[in-house]
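# Observations on the three-dimensional arrangement
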Amino acid sequence: MSIHMNVKDWTIKLDHIAVSLLHAKLNEKMRVFERNSTAFSTFWFIFYCLVMSATGNFLCPGNYTSPPNSLPTNVHSLKPGDIKILAGMGDSLTTGTGARATKFEDNMIEYRGRSFSTGGDATYISRVTTFANILKLFNPHVDGFSMGLGSSNSMLAGLNVGQLGASAKDMPAQAHLLVEKIKNNVWMNIRKDWKIVTMLVGTNDLCKFCEDKKTYSVENYKKYIRRALDYLHANLPRTMVNFVEMYGIEKVREMVRFSPKCERNARLHYCPCVTKSDGEHIERKYAAAIQDLVNSGRYDTKKDFTVVIQPFLREMSLSTCRHKAFDSTYLAPDCVHWSSKGHSAMGVALWNSMITKVGDKQERVHINDQAKCPYTKFIPTRLNISDTGIIPIPKPKFPGGHNNSSFSKLSHHISVFLLTTWIFNVIYY
C-alpha cells in the first residue's frame with residue numbers, strides 16, 4: 001500500500017475519531033447538565049457551543065437560519081436552522097428496534113440513537129445520515145435527538161417517545177407524554193423554541209387488520225391520529241408535524257421472503273397478516289383518511305402550527321437496482337425492521353421529502369439518494385407555495401478543507417484529535 005493511501009486511510013479514521021466522538025461526548029455532557037442543574041458549568045456550555053459551531057460541517061450554500069433576534073412567528077416562514085427541538089412518535093420503526101442487531105436474539109433491542117427520525121448517534125460525516133444528523137448541519141444546537149439504546153424512559157432517549165408494538169390508538173398517549181417531556185425540560189422553551197415532530201405509525205395496525213377489522217378499521221385509525229394531532233395542536237405551539245405515510249402489507253411480505261425463518265418469525269411475533277391478503281392496500285385507505293384530515297385545514301387555524309404529509313414510504317423500495325429484490329443489508333436480522341443502514345436511508349428520504357414542495361414530494365425511497373440542499377426560502381407547507389429546486393449536499397468533508405494536500409488534511413485532523421484527547425482528559429480526570 002502506498003504512503004498516499006495510508007495518509008488517506010488515517011484521515012478517514014481521524015474524521016470518525018475526532019469529530020464523531022467529540023460530538024457524542026459533548027452532547028452526552030449537555031444531557032447530563034439538562035438533568036442535573038447543579039452540575040452545569042458555564043464554561044462547558046460556552047465550549048460546547050463553540051465546538052459544535054466550528055465542527056457543524058454546514059455544507060449547503062445560502063442562508064437557512066433566521067437572524068437570532070427575529071425568529072419567525074409563522075410556521076410557514078420557518079427555515080431548517082430555526083428548528084431548535086426535534087421529536088419522534090410511533091412504533092418500533094421510530095424506536096430503532098433491531099437497528100444494530102447482528103442476530104435474531106438482539107432484534108428486540110431499541111437502538112433509538114439510530115432511529116431514522118431522531119437518531120443522534122455519530123454524525124453525518126460518519127455516514128449515519130438520520131434526519132436528526134442532517135438537521136444538525138443546519139443547527140448544531142438542535143435538541144431532543146436520541147442516543148444509544150433503551151426505552152423511551154432512558155436518559156438518552158431524548159424526545160423519542162415511540163413504543164415497541166404501538167398502533168394508532170397509542171398516539172394520543174404519546175402526544176401527552178411528548179408535551180410533558182418538553183414542559184419538564186429546563187433547557188427547552190415550549191413557547192419560544194421551534195419544533196419538528198415526526199410521526200410514523202401503522203405497521204401494527206396493518207399487521208393485525210385481518211384478525212380484527214373493527215379495532216383496526218380506517219375510522220379508528222383516523223380517530224386516534226386526529227386525537228393525537230388535536231392535542232399537539234392545542235398544547236404545542238411553534239410546531240411542524242411531519243406525518244409519514246406507511247407502506248403496505250405487501251412490502252412487509254416482500255421483506256420477510258428473504259428466509260423461511262424471517263417469514264415464520266414475522267407471522268408468529270410481528271405480523272400475523274403477513275401471509276394473508278385481507279389487509280391488502282388498507283394502508284391506502286389509512287393514508288386517504290389522514291389526507292382528508294390534514295387537507296381540511298383543521299391544523300392550519302394557528303399561524304404557528306401545521307401538519308405536512310410526507311409520502312416517501314408509499315411505494316418503498318429497498319433495492320439497489322430497479323425491479324430487483326430488496327437489499328437485505330438495509331434490514332435487521334428479522335427482516336421486518338430496518339438496519340442502521342436502512343434507518344440512514346430513511347433519514348435521507350424524510351429530509352428530502354420535507355424540503356420538497358407539497359405536490360412534488362417523492363412517493364418512494366431511493367436508497368442511493370443523497371441528502372439535498374433546500375432551495376425554497378422556507379420549509380414547504382400546504383400554505384407557502386414557492387418554487388423549489390434541489391441539489392445534492394456535497395460529500396461530507398471537514399471545514400478548512402480548501403487545501404487538498406493529504407499532508408494538510410492529515411495535520412488538521414491530528415490537531416482535532418489532540419484537542420479531543422485533551423478534552424477527554426479534562427472531563428474525566
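If you're wondering where the values come from, they're calculated on a predicted model, not measured in any experiment. (Residues numbered from 1 in each chain as written. Predicted model: local features only at pLDDT ≥ 70, side-chain atom pairs only at ≥ 80, totals over all residues. Heavy atoms only, no water.)

### Remarks on the pattern of salt bridges
- Applying the stated criterion across every chain, the model contains ten salt bridges.
- The salt bridge partner of lysine 103 is aspartate 106, with a shortest N-O separation of 3.0 Å.
- On the basis of relative accessibility, which here comes to 17%, the residue aspartate 106 falls in the buried class.
- The residue arginine 314 makes a salt bridge to glutamate 245 at a minimum N-O spacing of 2.3 Å. Here arginine 314 is found in the loop between β4 (305–310) and α11 (340–354), whereas its partner glutamate 245 is found in the loop between β3 (239–244) and α8 (249–256), with 69 residues between them in sequence. (Salt bridge = Lys/Arg side-chain N within 4 Å of Asp/Glu carboxyl O. Buried < 20%, exposed > 50% of the residue type's maximum accessible area, 1.4 Å probe, protein only. Helix = DSSP H or I, 4+ residues; strand = E, 2+ residues; numbered from the N terminus.)

### Some remarks on the side chain of glutamine 310
- As for its position among the elements, glutamine 310 is in strand β4.
- A distance of 2.8 Å separates the side chain of glutamine 310 from the side chain of asparagine 242, its partner in a polar contact.
- Within the local environment of glutamine 310, its side chain forms a polar contact with the side chain of serine 353, the two groups lying 2.7 Å apart.
- The residues touching glutamine 310, leaving out its near neighbours within four places in the chain, are Met240, Asn242, Phe243, Val244, Glu245, Leu350, Ser353, Met354 and Lys361. (Polar contact = N/O pair within 3.5 Å; in protein donor to acceptor, adjacent residues only side chain to side chain. Contact = heavy atoms within 4.5 Å.)

### Side note on the confidence of the model for the chain
- For the chain, per-residue confidence averages 81 on the pLDDT scale, and residues scoring 70 or more make up 73% of the total.
- Note that residues 395–412 has pLDDT below 50 and, in this model, 26 contacts with residues that lie over four places away or in other chains. (pLDDT = per-residue confidence, 0-100.)

### Looking at the state of the cysteines
- Taken as a whole, this structure holds four disulfides when the rule is applied.
- Covalently, cysteine 210 is tied to cysteine 273 through a disulfide, its sulfur atoms 1.9 Å apart. Here the S-S torsion is close to -100 degrees, and the disulfide linking cysteine 210 with cysteine 273 is therefore left-handed. One end of the pair, cysteine 210, is in the loop between α6 (203–208) and α7 (218–235); the other, cysteine 273, is in the loop between α9 (260–270) and α10 (282–295), and 63 residues separate them in sequence.
- Disulfide pairing places cysteine 262 opposite cysteine 335 at an S-S distance of 2.0 Å. (Disulfide = S-S within 2.5 Å.)

### Looking at the side chain of threonine 129
- Relative to the assigned elements, threonine 129 resides in the loop between α3 (92–95) and α4 (131–135).
- Those residues in contact with threonine 129, other than ones at most four positions away along the chain, are Tyr124, Ile134, Ser344, Ala345, Gly347 and Val348.

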